[in-house]
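# Tertiary structure, described
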Amino acid sequence: MTIRYEVNLGVQIIYAIISLGLIGLVFGVLLSVAARIFAVKVDPRVDKIKDVLPGANCGACGYAGCVQFAEAVVRGEVNPSGCIPGGTETEKNLAAELGQEIAETEPVVATVFCIGDNEKAADLFLYDGVEDCAVAERFYGGFKACGYGCLGLGNCVRVCPFEAIEIGSHGLPVVDQAACTGCGLCVNACPRDLIKTLPRRSNQGHLVLCSSHERGKTVSKACSVGCIACRACVKACPREAIDMDEKLAVIDIDKCDDCGECVSVCPPVTIYPRTAIPEKLADVENRPGVAAASEDGS
Amino acid sequence: METLLSIIFIYILVDNFVLQRFFGICPFLGVSRKMETAIGMSMAVIFVMTMATLVTWLLYTFVLDRFNLQYLQIVTFILVIASLVQLVETTLRKISPTLYQGLGIFLPLITTNCAIMAVALLAVREEFAFIEAVVFGVAASLGFSLALVIMAGIRERLELANIPDVLQGSAVTLITAGILSLAFQGFRGMLTL
């Protein structure tokens, strides 16, 4: 292993260049021969799509790398929108490569379907366990009198990668509409299925912010703002956008034109316009429709 | 013969490349999720490592050492390993597309698997004879495969086990790897060259 210095430096350099060059050449030839022998016909689209992708091989799409994702796209297994770091830009390019119309994935936003906060919805017992909705839910069916209502222990908050949801001062999760990407992680995290994703579409429509399918009597005992299935809104709606689903009024936001008729007839004030969701918990009483309704009710 | 047998024993069990020397941890953790890919990866590594040791030994002895170019060994070895990996990749793609898919990004990553470079360099440093070097390459890659297959077996069972939330995912994998390494510590000092 001792380096002998009997050859002079110039010769040494030439040796180095020649030997390394030759080794490289031999391997190069070998490889190109192998590539000929083992040539696989690759769908030319795969290559094109691969070029459009960011090429970070990050694996966020669920495939091993960008090439695998490209193959899956060509096979039609995944939507071009599957490349998360690429974003809409990549999606457009991909769609162009594939000659497809961009399947407009409609942006959605998470919405919590419960407004029974600490004051409005009664507790059954004092829960002193782990701060986890799923755990609390398993413990005698949750500490809230309402078996459908939000427990407010924040599983949705912890699971959100964008910090778009937080527990407000009233003990209910509030979605930051601007920050929410509609990824749907909170939807899965909620043990009571209170969160749904709705199409963003300029926040149009009214919603019944309750998920209880209990009878009206049971609901009103447990929560002062739950849907009591009185059907008043169904009758009041001029566009027939409201339907009853197992003792719960549900508004079809595609049909709803924000006339607000339902808000004023709802005795427990469960219906809100979607635009009012973020701030509604702070100043429920200040909203004109709501104020009128509560006067009517009392 | 005795030397060859002890090389095999040492580099499979006593001085296991993954569990004792901590080479090649990336594929060890990356492709040990399923037994099938683990075995495929093992085969690829066995081939690449054996061939790499063979070729690098020949190149070192007959080219680099002859012309006093020892300082070029790392560059040359990288060239050899990269070419071999490329060869395996092209071949595998044709012969077994399923395995090619399963190995995914880890196949080209064999290039950067430090275990392979380590074998090539150690074969030179230990001044092995040709046969010894080749056997060393085989043994080291078998050791790698053993570790990978054991790990895959454990992880397949872990999938079904009831693991506490805090430990799920990479946490339990790393702990398992650590315990496995500790277990192999039992072979320590059993045999030396």
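Let me sum up the structure you'll find in this document. Values in this document were obtained by computation on a predicted structure and should not be read as measured data.

What counts as what
- Residues numbered from 1 in each chain as written.
- Chains lettered and ligands numbered in written order.
- Predicted model: local features only at pLDDT ≥ 70, side-chain atom pairs only at ≥ 80, totals over all residues.
- Heavy atoms only, no water.
- Helix = DSSP H or I, 4+ residues; strand = E, 2+ residues; numbered from the N terminus.
- Buried < 20%, exposed > 50% of the residue type's maximum accessible area, 1.4 Å probe, protein only.
- Contact = heavy atoms within 4.5 Å.
- Salt bridge = Lys/Arg side-chain N within 4 Å of Asp/Glu carboxyl O.
- Patch = residues over 30% accessible without salt bridge, like charges linked within 9 Å, V, L, I, M, F, W, Y side chains within 5 Å.
- Areas by Shrake-Rupley, 256 points an atom, 1.4 Å probe, with all protein chains shown as cover.
- Lys, Arg positive; Asp, Glu negative; His and termini not counted.
- Charge placed at Lys NZ, Arg CZ, Asp CG, Glu CD.
- Axes fitted to C-alpha atoms, helices over the stretch in contact; angles between N-to-C directions.
- Parallel < 35°, antiparallel > 145°, perpendicular 65-115°, else oblique.
- Left-handed = near helix turned anticlockwise from the far one by under 90°.
- Nonpolar A, V, L, I, M, F, W, Y, C, P; charged D, E, K, R; others polar.

Secondary structure summary: chain B contains 8 helices and 0 strands in total. When the elements of chain B are put in sequence order from the N terminus, they spell out α-α-α-α-α-α-α-α. Per-residue burial for chain B yields a buried fraction of 51% across its 193 residues. For chain B, restricting intrachain contacts to residue pairs at least 6 apart in sequence, the fraction spanning at least 24 positions comes to 79%.

Our focus in this paragraph is the pattern of salt bridges. All names here are of chain A. Scanning all chains against the criterion turns up 6 salt bridges over all chains. E137 is paired through a salt bridge with R192; the nearest N and O atoms lie 2.5 Å apart. Note that E137 is positioned in helix 5 (residues 133-138) and R192 in the loop between helix 7 (185-189) and strand 4 (195-199), a separation of 55 residues in sequence. The exposure class of R192 is buried, given its relative accessible area of 10%.

All names here are of chain A. Among the surface-exposed residues, R215, K217, K221 and K247 lie close enough to one another that they form a single positively charged patch. Along the chain, K221 turns up in helix 8 (residues 216-222). Judged by relative accessible area, K221 falls into the exposed class, the value being 70%.

This paragraph deals with the packing of helix 2 (residues 44-52) of chain A against helix 3 (residues 66-75) of chain A. Residues and elements named next belong to chain A. Contact geometry for helix 2 and helix 3: axes closest at 9 Å, N-to-C directions at 125°. Classified by the angle between their axes, helix 2 and helix 3 sit oblique to one another. Classified by chirality, the crossing of helix 3 by helix 2 is right-handed. Side by side, helix 2 and helix 3 meet where R45, V46, I49 and K50 of the first sit next to V67, A70, E71, V73 and V74 of the second. A breakdown of the residues in the contact of helix 2 with helix 3 according to their chemical character gives 6 nonpolar, no polar and 3 charged.

Keep in mind these numbers describe shape, not what the thing actually does.
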